[in-house]
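Here is what each chain is made of, one letter per residue.
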Amino acid sequence: MITEPKLEVPETKIILLDEVSRIKTAINDIYLENEAIYRLQSRDFEEMIAEIMRHKNFNVALTKRTRDGG
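Values in this document were obtained by computation on a predicted structure and should not be read as measured data.

Cut-offs applied
- Counting restarts for each chain: residues are numbered from 1 in the order of the written sequence.
- Where totals are concerned, whole chains, interfaces and linings use all residues; where local detail is concerned, this predicted model gives features only for residues with pLDDT of at least 70, and gives and counts side-chain atom pairs only at 80 or more.
- The side-chain values count all of the structure's non-hydrogen atoms but skip hydrogen atoms and water molecules.
- Exposure above 30% relative accessible area and the absence of a salt bridge qualify a residue for a patch, where like charges join within 9 Å and nonpolar side chains (Val, Leu, Ile, Met, Phe, Trp, Tyr) within 5 Å.
- Methods summary: accessible areas were calculated by the Shrake-Rupley approach with a probe of 1.4 Å, and residue burial reflects only the protein chains presented.
- Salt bridges are defined as contacts in which a side-chain nitrogen from Lys or Arg sits within 4 Å of a carboxyl oxygen from Asp or Glu.
- Only runs of H or I of at least four residues qualify as helices and only runs of E of at least two qualify as strands under DSSP, and these elements are numbered from the N terminus.
- With a 1.4 Å probe rolled over the protein chains alone, any residue whose accessible area is under 20% of its type maximum counts as buried; one over 50% counts as exposed, and the rest are partly exposed.
- By definition, residues are in contact when any of their heavy atoms lie within 4.5 Å.
- Any pair of N or O atoms that falls within 3.5 Å is considered a polar contact. Within protein, one atom must be able to donate a hydrogen and the other to accept it, and sequence-neighbouring residues count only if both atoms are side-chain atoms.

Let us now look at a nonpolar patch on the surface. Together, I37, Y38, F45, I49, I52, M53 and F58 line one region of the surface with nonpolar side chains, adding up to about 650 Å² of accessible area. Within the element layout of this structure, Y38 appears in the loop between α1 (17–32) and α2 (42–55).

Now the structure itself:
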């Protein structure tokens, strides 16, 4: 009996357009005023870096939120 090979697809997170728009706005704000980076919440910073890395064609997987402050 011949078995079909298993196709393993990595789990992906669906990012809402509002979320991407918010991250892009934060990136733009930081570009215009570098001090804006200090006003980001830790999770927003993580999401911003993830979006930049995705844009550079890296495969990014954010972990669950924790209370460690990023």
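What follows continues from the structure just given.
Turning next to the pattern of salt bridges. Scanning all chains against the criterion turns up six salt bridges. Of the charged contacts in the structure, one is a salt bridge between R22 and D44, with a shortest N-O distance of 2.8 Å. With R22 in helix α1 and D44 in helix α2, the pair connects residues that are 22 residues apart, well separated along the chain. What makes R22 partly exposed here is its relative accessible area of 37%.

Let us now look at the environment of I30. If you trace the backbone, I30 turns up in helix α1. Residue I30 is classed as buried on the basis of its relative accessible area of 13%. Through-space distance from the C-alpha of I30 to that of L40 is 9.7 Å; in sequence the pair is 10 residues apart.

By the secondary structure assignment, L40 is in the loop between α1 and α2. Considering only alpha carbons, one finds L40 and A26, 14 residues apart in sequence, at a separation of 8.2 Å. If we skip the residues at most four places from it in the chain, L40 touches A26, I30, F45 and M48.

Of note, R43 is situated in helix α2. Judged by its relative accessible area of 12%, R43 falls in the buried class. Within the structure, R43 has its side chain in polar contact with the backbone oxygen of T63 (distance 3.0 Å).

The backbone phi angle of N57 is positive, close to 70°, even though this residue is not glycine. Exposure remark for N57: the relative accessible area of 72% places this residue in the exposed category.

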